[in-house]
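Next come the chains, spelled out residue by residue.
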Amino acid sequence: MLGIAPGLSGGRWERLETPPPRPRARMLRQVLHAGLRTSFHALGRFVASHPVFFASAPVLLSILLGASFSRYRVEEDVESLLAPKHSLAKIEGNLVESLFPVNRSKHALYSDLQTPGRYGRVIVTTRKGSVLDPVHLDAILKLHKRIYQMQVTVPATGANSFNYSFSYLCLPDDKNVCIIDDIIRAMEQIQAARGANASVPLLRYPITRLADGRQAYVGHQLGGVQGWGPGGAMRSQGAPGAKGEGVRSARALQLTYYLQARGGLMDRVAGQWEKAFCGELRRFAAAHPKLGLYPSTSSSLRTDFQFSSVLARRPLLASLGACGVLAVLCCSMRDCVRSKPWLGLLALLSVTLSGLTAAGILNLTGATYNSTYLGIPFVMLGHGLFGSFEMLSSWRRTRDDQHVKERVASVFEDVMLRFSGSTALHLTTLGLAASPLTNMEAVRLFCRTAALAVAVGYVYTLSFYSSCLVFTGYLETGYRHGCFCRRVPKPDRLDSKPAWYRCLMYTRYQEEAPANNEPNPQDSHLLLGCVRRCYGDWITNTYVKPFVVLLYLVYISFGLMGFLQVTQGSDPSALVAMDTATVLYTRAQQRYFSAYSPVIGFYIYESAPYWNASVQHDLLEYAKGFQRISWLEAYLSYLSERNQSASQPRENFTRTLRRAFLREPRFAHFADDIIFAERGPGEEPDVAASRLFLVAKTTENKREEMSVLLDTLRRLSLTSRVRFLVFNPSFVYLDRHAAAVSSPLRHSLLAALLLLGLSSLALVEPLVAAWLGLTLLSVQFGVLGFMTLWGVELDCVSVLCLIAALGHAADCCGPLLCGFSSGRGGSRTRWVRVALERHGVPSLQTLVCYGAALVPVGSVRSNLTHTLFRCLALTAGCSALHTLAFLPTLLTFLPPCKDRGGGGGGGPPADGGGDGEVQRQEVEGVEMNDSTRVVDQITTV
């Protein structure tokens, strides 16, 4: 017989109340989470047991790899960095170069038509008057003569030295005479006519006719043109018609000198000639103050792009110093023993050593350096400082009477899981952007290098910085001063010292029991005290929450406003240092030569029935509306002048073209635009390929119009019966640029969201992953929108910053969300305050040091660093808003909910948020056996 259990009245069986079973998935996540924490706890004990090794090994490794800087190399090919790697324009350029190489153009060269190799170019402007005025025209021709006669000596000294002049390096025509711009010949004709007191020949714009009867395009050689219209009326730039009208005045002139670069020696000589060319122009400008000279060479873009790194050297050192000072202040406390000022500098040293190690690895693997790498130190700085401050904050929450090894193990158990997760997010986003899926080489190289630097920084934080934490822990155990490492006297001996000495040596010994009204020694940390006493209560105040929500709506509104105005930045000159030759030349070109687009090559790369009237009509329609120099149009006019039909049999059409048209001096230069293919013995050859030259009328948005024009002509080429393509060197920057720039950002964002989805399996509270994903989207949206409103275009540098912003936002916001969701019992408001105290303060310390490091970079006179500064500053600002304002407010009334008990139920949150409202059971067992002191087993229930 079963007796009746006590407490059951009336002999009735009652069902015992048992807590509801936890879901199996939650239990598995808890087991996995506990296993990871245990692993990091063991790792912390291992590092604390061997601090000397983990402190010295990273330093020695950095020194050894730092010696590899003898292999330091700078990237020479800027086009491969800033242009999409796989694009149709590059394939078209290779086809064009194989059909019509620059060296084959024996009669005329068209500026910006093909990539010419080595060249020197100058824009000459006048302070007053026209470049065609006699005094200015004579000075320009004098400059041309000096450049023509200029010589360079290679090598500079020695018996094997040889003098090279432009006549030796230039591209020659079929008469072995240097090819020069057509405007020089026109100006020489004008000067000769003025010297002979003859009538000055009429110079037309944009297409003029030279003395030999040949048509020449001068739209890119004369700028700021004012022309004479019908009846003598004056017209401004761009007004002359298709056939050209008389030029009254011109404010600018552009001259180009093309060089040969056959083999290594000739390329080196051409490089020396370009330097001498720039020096000669500086001397000539000093002697002629009424003229403005803006030079540009084939190496100007590369030099000025890398010059940003030279300008940023001192500001980067200033950034390091400012960050170091603030890191020391952020780690300092009033308690001289518990203060850790050296850990601030050591955190910065850990980041520096990891950067040196990553750079050494890159040098040993043969990687090259470019100026976009200036953003990598800030990626490392934000991630490394955050991990360091989180470890220091966790250290201050450990018990003072624990052994150093136990305290370090507790820090690892508390911090390293979150820090490893944020590092994994960094590596995932950067790693996917560094994959072959990325079509922009600058983005791929930056992300590859940044991922390596973040990985090395993570290892150095686990080893070097953790061992430094161990050493400072032993100093704290011995009650030594945190700055001077001197043992602090006890209060009875300290009372006899001067006031300044007592203030400097203030600390609290363990055996001193604080009074109930005495503040906790942790409160002597300024930022923690402010957050605990003031900010935590203020941001969670009921009357403040509506204003924070309103602020978030304003944030989203302005972000949306900027997002709708995002523009693509495909101009390479926007990424170079300011006040350089490239920027000054580009400004002058946009001011004086923006009326017409660059010369577009219209290439018919297959044999076509040019004798067919319908084909002729199609080709003339394609070129309609352009300023053009067309052999076909000139040939049809030639046939019309001789009363011959344009539509005739192939043999007659080709025979007249070869034996009559191309043999006349005024049409002989068209021979470079036609390729004939032999058919058979006794048959007239066929026109295998040909080219036309088109120039479009443009407005201020020149690059956007060129992109639209390229897409229009390409679509037309798909439906045309004539197989053609269009090409200009600038097309390699325009073609698929928007997709090449934005795709790494989309891939990184999707990778981050996917990683967060997978990481929810290891989180006790899966809502953390959802909250963090929404936070990353919000930060990314805000940075993208506000940078547009700040005048930053979406180019490769801004995309690099947006990719790095994902990891930075995860660093700042992830621990706050984890700390809030891990709390059980009490109200949401209470756990928001606790999360701000534990994780908001390290985020604030990191943002303060990070912002101070950014300020000197903003003063660098470089477009690239200005873009970096604005994007990184917006990243820090948006992350700070979410960490310190938006999330603390939203979490007080949005899921996850809090339980009154310690279990996993879903009880309603308690009102209020004081510490006394929640009763907690803590079991702490610590066994310490140290040489300095012995603490018995403590068990508190």
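The structure this text deals with has already been given above.
Residues numbered from 1 in each chain as written. Predicted model: local features only at pLDDT ≥ 70, side-chain atom pairs only at ≥ 80, totals over all residues. Heavy atoms only, no water.

Quick look at the side chain of serine 394 now. Of note, serine 394 is situated in helix α12 (residues 376-396). Apart from residues no more than four positions distant in its own chain, serine 394 is found in contact with Ser410, Val411, Asp414 and Val415. (Helix = DSSP H or I, 4+ residues; strand = E, 2+ residues; numbered from the N terminus. Contact = heavy atoms within 4.5 Å.)

All right, on to helix α18 (residues 545-563) then. Helix length check: α18, at 19 residues, gives a terminal C-alpha distance of 27 Å against a target of 27 Å (1.5 Å per residue), a fit within 8%. Taken as a whole, α18 has its buried residues at Lys545, Val548, Tyr555, Gly559 and Gly562. The buried residues of α18 occupy an angular sector of 105° when the element is viewed end-on, so they sit on one face. Lining the buried residues of α18 we find α17 (526-539), α26 (767-789), α28 (828-857) and α29 (863-890). (Expected span 1.5 Å × (residues − 1). Buried < 20%, exposed > 50% of the residue type's maximum accessible area, 1.4 Å probe, protein only. Arc of directions from axis to C-beta.)

In the structure shown here, the tally under the stated rule is 33 salt bridges. A salt bridge links glutamate 641 to arginine 642; its shortest N-O distance comes to 3.7 Å. Classification of glutamate 641 as exposed rests on a relative accessible area of 55%. A relative accessible area of 35% means that arginine 642 is categorised as partly exposed. Measuring nitrogen to oxygen at the nearest pair gives 3.2 Å for the salt bridge that ties glutamate 684 to arginine 659. Here the residue glutamate 684 occupies a position in the loop between β13 (674-677) and β14 (686-695), and arginine 659 occupies one in helix α22 (residues 650-661), the gap between them amounting to 25 residues. Three or more residues are tied together by salt bridges with common partners; here these are Arg338, Lys340, Asp400, Arg407 and Glu476. (Salt bridge = Lys/Arg side-chain N within 4 Å of Asp/Glu carboxyl O.)

On to the state of the cysteines. Inspection of the entire model under this criterion finds 1 disulfide. Bridging cysteine 170 to cysteine 178, the disulfide has an S-S length of 1.8 Å. The S-S bond linking cysteine 170 to cysteine 178 shows a torsion near -75°; that makes this disulfide left-handed. Judged by relative accessible area, cysteine 170 falls into the buried class, the value being 2%. Cysteine 534 carries a free sulfur, and the closest cysteine sulfur to it, the one in cysteine 530, is 5.9 Å from it. Note on cysteine 871: no disulfide assigned, nearest cysteine sulfur contributed by cysteine 801 at a separation of 4.5 Å. By relative accessible area, cysteine 871 is classed as buried at 1%. (Disulfide = S-S within 2.5 Å.)

The next point concerns the packing of helix α5 (residues 134-149) against helix α7 (residues 182-195). Axis separation between α5 and α7 bottoms out at 11 Å; the angle between their running directions is 125°. In terms of orientation, α5 and α7 fall into the oblique class. The hand of the α5/α7 crossing is left-handed. Taking contact as the criterion, the partners of Pro134, Leu137, Asp138, Ile140, Leu141 and His144 in α5 are, on α7, Ile184, Met187, Glu188, Ile190, Gln191 and Arg194. Split into classes, the residues belonging to the contact of α5 with α7 amount to 7 nonpolar, 2 polar and 3 charged. (Axes fitted to C-alpha atoms, helices over the stretch in contact; angles between N-to-C directions. Parallel < 35°, antiparallel > 145°, perpendicular 65-115°, else oblique. Left-handed = near helix turned anticlockwise from the far one by under 90°. Nonpolar A, V, L, I, M, F, W, Y, C, P; charged D, E, K, R; others polar.)

Structural measurements only, silent on function.
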